[in-house]
Each structure stands twice: as structure tokens, then as C-alpha cells.
Amino acid sequence: MSGIFVVIEERQGRIGRISWEAVAAGLVLAHQTGAKVNAIVIGAQTEQFAAEAAKRISGKVIRIEHPLLGTYTPDGYSRALEQFIRAESPQFLVFPHTYQVRDYVPALAARFGSVLIGDVVSIQDGPSFTRQLMQGRLTGSYHSSGPGPVFVSVQSGAFRAGASESLAAEVSVFDPVIDSTQIRTKPGEPFRDSAQTVDLGSAQAIVAVGRGIREAENLGLIQELATALGAEIAASRPICDNGWLPIERQVGSSGQTVAPKLYLAVGISGAIQHLVGMKGSQCIVAVNKDPDAPIFEVAHYGIVGDLFEVVPALTDALKAARQ
Amino acid sequence: MKIIVAVKQVPERDAPVRVAASRQWIEEADLQFSMNESDAYALEEALQLKEKVGGEVVVISAGPERVAITIREALAKGADRAIHVECDDIANRDALGVARLLAEAVRPENPDLVLTGLQSDDLGYGQTGVIMAELLSLPHASLILHVEKADSGITVKRELEEGWFQNIDLPTPAVLMIQSGGTKLRYATLMGIKRAKMKELRKVNAVDLGIENAPVVTLESISLPQRQVSTQILQGTAKETAATLVEKLKFEVRVL
């Protein structure tokens, strides 16, 4: 068993940043094992993506291509990759931790008696893999000891994608054998529930609210603070799930990704799913009653206290400062 | 429609987290436990489906004795009966190990649908349902917000990233991982709690199911996370911290 293979994911016709981050994670493993990093692109037509990947890969680029792989299905992707893995016996398979990867890689790994180590944030010598537990309040160190390949997926933003290079990896095609009757699910076209009218991505300042606000009736406090700051309002998932704010204001893996100059998180504990959507902000301020809340791990300034006292005081202080 | 819902009991969201002396898990002695959030949504989706198309909802949970409390809660909300997979070392089993336990306990039931939550709030592997589907040779879909009975199977609404969705048609039997927030959760009624005490709760264990604990991925140690940035905690009363923060925003961050 040898080789490190990074499975690249296409996003809206391009290779997304998170796939380059997975390549960066592959390079960490390459450094430890001395093996080269190879890439896999999957689809019905992969020539263009393979060419894009080949510029940044020192090993080989494999195009796993089949007409039935044009649209993602767990059956199609698992079957295609399973055949490739049986043929090539890689030591490591590295994936970006996307919704798509979460949907099929655990099943694929199980076919080899392996278990995906998912949502990895760093890789240490061994290798051992670090991932977050208890909604980011703990980190755990994992080790894989099975006979099969090691499957790893990496969290968005955890590894730094390398700059574009001018490498020229050798590209080859792998033809999987797939029959349409083996694909049991029929996916429809992607759609949006409502037209997006708020573009949080371009906001300079954002006040984001989480579970700590307790009741929809208390949102007025947050609105006043946002107005005093000239900021857009955003929220963590539970607030939008409850229908207290529209889903277009949700920040995190299932909502928008933002990087404003100022991100003021109020009553947000900082689950991983939220942090991935905002940790690129230039300045993060957190107000939370729990001093151990994970939001403080990414915050530049923190206020440990009752938001129902801190927020009105802050609104007043901002109003006074603006006069 | 016979629907099995796999639920997990997890430490309560705001429970104090203390690393145990073994450094392999947390101190459980003074923890409060509750039903994992996305599993509660899976149960709700199952109960609503049953109300629409009829059938039976069977809840299954793997874990130590305390898990029976969460099972009773599911029965009180309307599940018809339950299976408790007794297992004292669940935190030391990997995702494949737990999925094996649940899959073998589910297999003789021959359900039309198996529902689980998307991810547990404690270990957060988010894999149990997908692996169960693999072990049971059933089609699956994850990140599901809504399930609708169709002529030949089901149609589900799946969440994609960045605010996108898609509908997927699946034949039954199938396994679905349910995302939080697709519907409103119900509370158990007094009558429901009373009835739950009379409902069937069958126990099986790993030995009955013929499954050893042989993890391929092991959690070697846990620790408190390292801070990614050095956080300045502002001290004082609400008024004082507010004033300090405004100063910082004005002169250091320069956003005012």
C-alpha cells in the first residue's frame, strides 16, 4: 500500500479553495512519509479540472471518468472510488470535509474495513489526526490502525492552501465500471428557497446573535446594537431554524461565509459549523456568559458576561461615541 | 410504513466539560444528558410521517443504562416501542463499530425507513447513518430536512452548502440522516409520558449481536483546545467593558 491521493471536489465549475487545502494536508502527510501527493478528479468530463489540478500537484493526477458520474450520487462515487482504491491500494486518501464527502466517504471507508477520520484540523507526527469534539469545546487526537487505507477529511480553513504553482503532473484516466441500475438515488437540480436579498459577504461590520438571546422578543436589543454600529445582523443556525431571522442571515457551513472588518458575536457558543463561516473576520469580538465557550478561541476581544447587561451598555457607549 | 429512528444520548449542551484522569474521555459523573438535537428532529420527522401514512415508529439507542431515560422520552413523544442496545463502552467504539451494533439490531426488523440525526453533539463523527446504510445494503441520503412519501419510495429535501437545496428520489427501504431545523419539535404530553411506561422496551447487547469492540480508529487522548488567537478578555462591569470595547474599536480596530 502506498501513495497519498487527494480527492478534489469541483464547485460551480471550478476547483474550490477547500480542495487546495486538502492538497496542503496531503503535503503534511507527504512530508512524514516521503510519498508524493497525487490528485483524483471525478466526473463525466474531467479534462479541464485535471489540467487545473496538474499545475499544483507533484505526483500524478487521475481522472476517474464515467457518464454516470456527471451528477454526484453516493452510489456512483463510492463504486468508482472503490474500484480505483482496489486497483491502486493507496495508503492515504484525503478529502475536503464537504457535505458531499460526508455523504459517501463513511460508506466507502467501511467497504475497506476503514473508518473516516473526519473534519480534521491538524496532523501530527505518527501520523495522528486532531479533530474537535463536544462542539469545539475539546480536541481529540486520533490514530488509525486498520489494515485498509487511511481515510481523512479536512476542515475548511484548517490547512493553508499553497500558492498556484507551475508544476505539470502526469494525467491519466481511470475508467470505472458502473451500471445505471447500481445508482439507486435520483438527485434533482439544486435550488434556493428564496431569492437572496441580503449580501452579508460585503458587510463591513456584522452583529451575529445565537442561542443566548433566548427569545425572539429579545432580538430588538441586537437590532439596536447593529444600528448603533452601522452593522448587518446575522445569526447562528438555531436562530434561523426557529424562524426568528430569515435563513439568508445565517452564517456558517450551512449558511453564508463572511469575513467583515468586525464580527461581533453575541450569545454564540461557537460550534464548528458556525466558526467555519466567520473565523476569517479581521476582528472578532465575543460576548458570552460561558468563559469556556469555543467562540473565545477565535475572538480577539472577549466580554464574559450577561448579554442582557452588556449589549444595552454597548449600544449606549456606541451612541455616545458617535455623537 | 415501519420507521426505525436511531437516537443518541449526549451530554447536555451547556454541561461543564472536564477531561477525565485517563485523558481519553470526559468526567461523566456530574453530567446531565439529553437526546442529541438532530436525532430529536429525526424522531419528529418519523412521527409526522407515521401520522400521514400510518405505520409504526421504533426507536433504537445504543449506550449504557442511563440511555433508557432518553428512550422513554422518545416513547413519550409518540414512538411505539424501543430497542436498547446495551453497551457500556460506546465512547470507545469507532463509527463503524457503533454502526455495526445498530445495523445488526435493526436488520431483523426489516424496516421501510431508518432515520438518524446527522451528527452527534458530543463526538460529532456524523457517520453512523451512512455506514448503517452500507452495512444494510440500503440506499441513503444525508442532510435531509423533509421526507415525503412518493408512489415508488420517497422524495427527500436535502440541504446543500451555502443556502442551496435539492430533492432526491429514493426507493425504500432506505436510510436517511436528518438535519436539524426542518420542522418544529413536539413536547411529550402528560398522557404520552404515562403511556410510555407501558410501551415495549426490548434490550439486546453486543454479545447477543455477535459484535466485538475492535476499533480501527482510536481516540488516543483529549485535551482542551489551544487558542488560535490571544483573546483579550475585557474586565469590569457591563458599562466599563462596553466603554473599553468602544475605545478598542475606535483606536485599534478602527471600525468606528
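None of these values were measured; they are calculated from a predicted model.

Cut-offs applied
- Residues numbered from 1 in each chain as written.
- Chains lettered and ligands numbered in written order.
- Predicted model: local features only at pLDDT ≥ 70, side-chain atom pairs only at ≥ 80, totals over all residues.
- Helix = DSSP H or I, 4+ residues; strand = E, 2+ residues; numbered from the N terminus.
- Rg over C-alpha atoms; globule rule 2.2 N^0.38 Å.
- Buried ≥ 20, exposed ≤ 12 C-beta atoms within 10 Å, placed from the backbone.
- Contact = placed C-beta atoms within 7 Å.
- Domains from an automatic or database assignment.
- Pairing = 2+ DSSP bridges.
- Axes fitted to C-alpha atoms, helices over the stretch in contact; angles between N-to-C directions.
- Parallel < 35°, antiparallel > 145°, perpendicular 65-115°, else oblique.
- Left-handed = near helix turned anticlockwise from the far one by under 90°.
- Nonpolar A, V, L, I, M, F, W, Y, C, P; charged D, E, K, R; others polar.
- Arc of directions from axis to C-beta.
- Right-handed = clockwise from strand over helix to strand, strands pointing away.
- Core = buried A, V, L, I, M, F, W, Y, C linked by C-beta atoms within 7 Å.

Caption draft 1: Region of interest: the overall build of chain A. The helix and strand inventory of chain A stands at nine helices and 18 strands. Radius of gyration (C-alpha) of chain A: 22 Å, near the 20 Å computed for a compact globule of 323 residues. For chain A, the spread of C-alpha atoms along the three principal axes comes to 70 × 40 × 35 Å. Looking at chain A as a whole, 54% of its 323 residues are labelled buried. By sequence separation, contacts in chain A at least 24 residues apart represent 64% of the contacts at least 6 residues apart.

Caption draft 2: Examining the overall build of chain B more closely. In terms of regular secondary structure, chain B is built from seven helices and 13 strands. Reported as C-alpha extents along the three principal axes, the dimensions of chain B are approximately 65 × 45 × 40 Å. The burial tally for chain B puts 47% of its 256 residues in the buried class. A separation of at least 24 residues holds for 70% of the contacts in chain B among residues at least 6 apart in sequence.

Caption draft 3: Here's a closer look at the domain arrangement of chain B. The domains assigned to chain B are domain 1 (2-209) and domain 2 (227-256). The C-alpha centroid of domain 2 of chain B is placed 43 Å from the C-alpha centroid of domain 1 of chain B.

Caption draft 4: Molecular detail of the sheet that holds strand E6 (residues 92-96) of chain A. Strand order in this open sheet of ten strands is E11(A)-E5(A)-E4(A)-E1(A)-E6(A)-E10(A)-E7(A)-E8(A)-E9(A)-E12(B), and the pairing throughout is mixed. Looking at the sheet topology across the chains shown, the edges are occupied by strand E11 (170-174) of chain A together with strand E12 (217-223) of chain B. The sheet shows a mean angle of 35° between the axes of neighbouring strands, direction not considered. Across two bridges, strand E7 (residues 117-124) of chain A lies against strand E10 (residues 150-154) of chain A in parallel orientation. Each bridged residue has a counterpart across the sheet, and for Ile117 of chain A the counterpart in E10 of chain A is Val152 of chain A. The strands that helix H3 (residues 74-88) of chain A touches are strand E4 (37-43), strand E5 (60-65) and E11 of chain A; relative to E5 of chain A, the one it contacts most, it runs at about 135°.

Caption draft 5: Structural context of the packing of helix H5 (residues 219-229) of chain A against helix H9 (residues 307-322) of chain A. Residue and element names in this part refer to chain A. In contact at an axis separation of 9 Å, H5 and H9 are set at 25° when each is read in the N-to-C sense. Looking at the two axes, H5 sits roughly parallel to H9. Both H5 and H9 take part in a crossing whose hand is left-handed. Of H9, the residues touching H5 (which contributes Leu221, Ile222, Glu224, Leu225, Ala228 and Leu229) are Val311, Pro312, Leu314, Thr315, Leu318 and Lys319.

Caption draft 6: Layout of the domain arrangement of chain A. Residue and element names in this part refer to chain A. One can read the domain layout of chain A as domain 1 (4-182) and domain 2 (200-322). Relative placement of domain 1 and domain 2: their C-alpha centres are 34 Å apart. The interface of domain 1 with domain 2 comprises eight residues on the first partner and ten residues on the second. Considering only residue class, the side of domain 1 that touches domain 2 consists of no nonpolar, six polar and two charged.

Caption draft 7: Spatial organisation of helix H4 (residues 128-135) of chain B. Within H4 of chain B, seven of the eight residues are buried, leaving the element largely enclosed by the surrounding structure. Within the sequence span of H4 of chain B, burial applies to Thr128, Gly129, Val130, Ile131, Met132, Ala133 and Glu134 of chain B. Elements that come into contact with the buried residues of H4 of chain B comprise helix H4 (99-110) of chain A together with strand E1 (2-6), helix H3 (95-106), strand E6 (113-117), strand E7 (140-150) and strand E10 (174-178) of chain B. Ser137 of chain B occupies a position one or two residues after H4 of chain B and carries a positive phi of about 55°.

Caption draft 8: Just the sheet that holds strand E16 (residues 262-266) of chain A, in detail. Spatial ordering of the open sheet is given by E15(A)-E14(A)-E16(A)-E17(A)-E18(A)-E13(B), a layout of six strands whose pairing is parallel. The open sheet has two edge strands, strand E15 (232-235) of chain A together with strand E13 (232-233) of chain B, and neither has a second partner. With four bridges joining them, strand E17 (residues 283-288) of chain A and strand E18 (residues 301-304) of chain A adopt parallel strand pairing. Of the residues in E18 of chain A, the one forming a bridge with Val287 of chain A is Ile303 of chain A.

Caption draft 9: Quick look at the packing of H3 of chain B against H4 of chain B. Residues and elements named next belong to chain B. Following both chains from N to C, one finds H3 and H4 inclined at 55°, their axes separated by 9 Å at the closest point. Considered as vectors, H3 and H4 are oriented oblique to each other. Seen from above, H3 lies across H4 with right-handed handedness. Contact residues: H3 offers Ala95, Leu96, Val98, Ala99, Arg100, Leu102 and Ala103, while H4 offers Thr128, Ile131, Met132 and Leu135. For the contact of H3 with H4, the per-class residue count stands at nine nonpolar, one polar and one charged.

Caption draft 10: Structural view of the interface of chain A and chain B. Residue-level contacts link 74 residues of chain A with 67 residues of chain B. When the residues that make up the side of chain A that touches chain B are grouped by side-chain class, the tally is 33 nonpolar, 24 polar and 17 charged. Relative to E12 of chain B, strand E9 (residues 138-144) of chain A runs antiparallel, the two sharing six bridges. Bridge assignment links His143 of chain A to a residue of E12 of chain B, and that residue is Thr218 of chain B.

Caption draft 11: Looking closely at helix H2 (residues 47-54) of chain A. Residue and element names in this part refer to chain A. Among all positions of H2, only Phe49, Ala50 and Ala53 are buried. Along the axis of H2, the buried positions cluster into a sector of 100°, meaning they face one direction only. The inward-facing, buried residues of H2 abut strand E1 (4-8), strand E2 (10-11), strand E3 (14-15), E4, E5 and E11.

Caption draft 12: Structural detail: the pairing of E15 of chain A. All names here are of chain A. Where strand E14 (residues 205-209) meets E15, four bridges bridge the pair, whose relative direction is parallel. Across the sheet, the residue bridging to Ala208 is Ala234, located in E15. Regarding the hand of the β-α-β motif, the stretch spanning E14, H5 and E15 is right-handed.

Caption draft 13: Local environment of the nonpolar core. Grouped together as the largest cluster of nonpolar side chains are 127 residues, with contacts concentrated most on Val5, Val59, Ile60, Leu102 and Leu176 of chain B. By residue number, the principal contributor to this core is H3 of chain B, which donates nine residues. Once residues within four sequence positions are removed from consideration, Val5 of chain B is found in contact with Ala42, Leu43, Ala46, Val57, Val59, Ala79 and Leu115 of chain B. Membership of the second largest hydrophobic core comes to 57 residues, among which are Ile206, Ala208, Ala265 and Ala271 of chain A.

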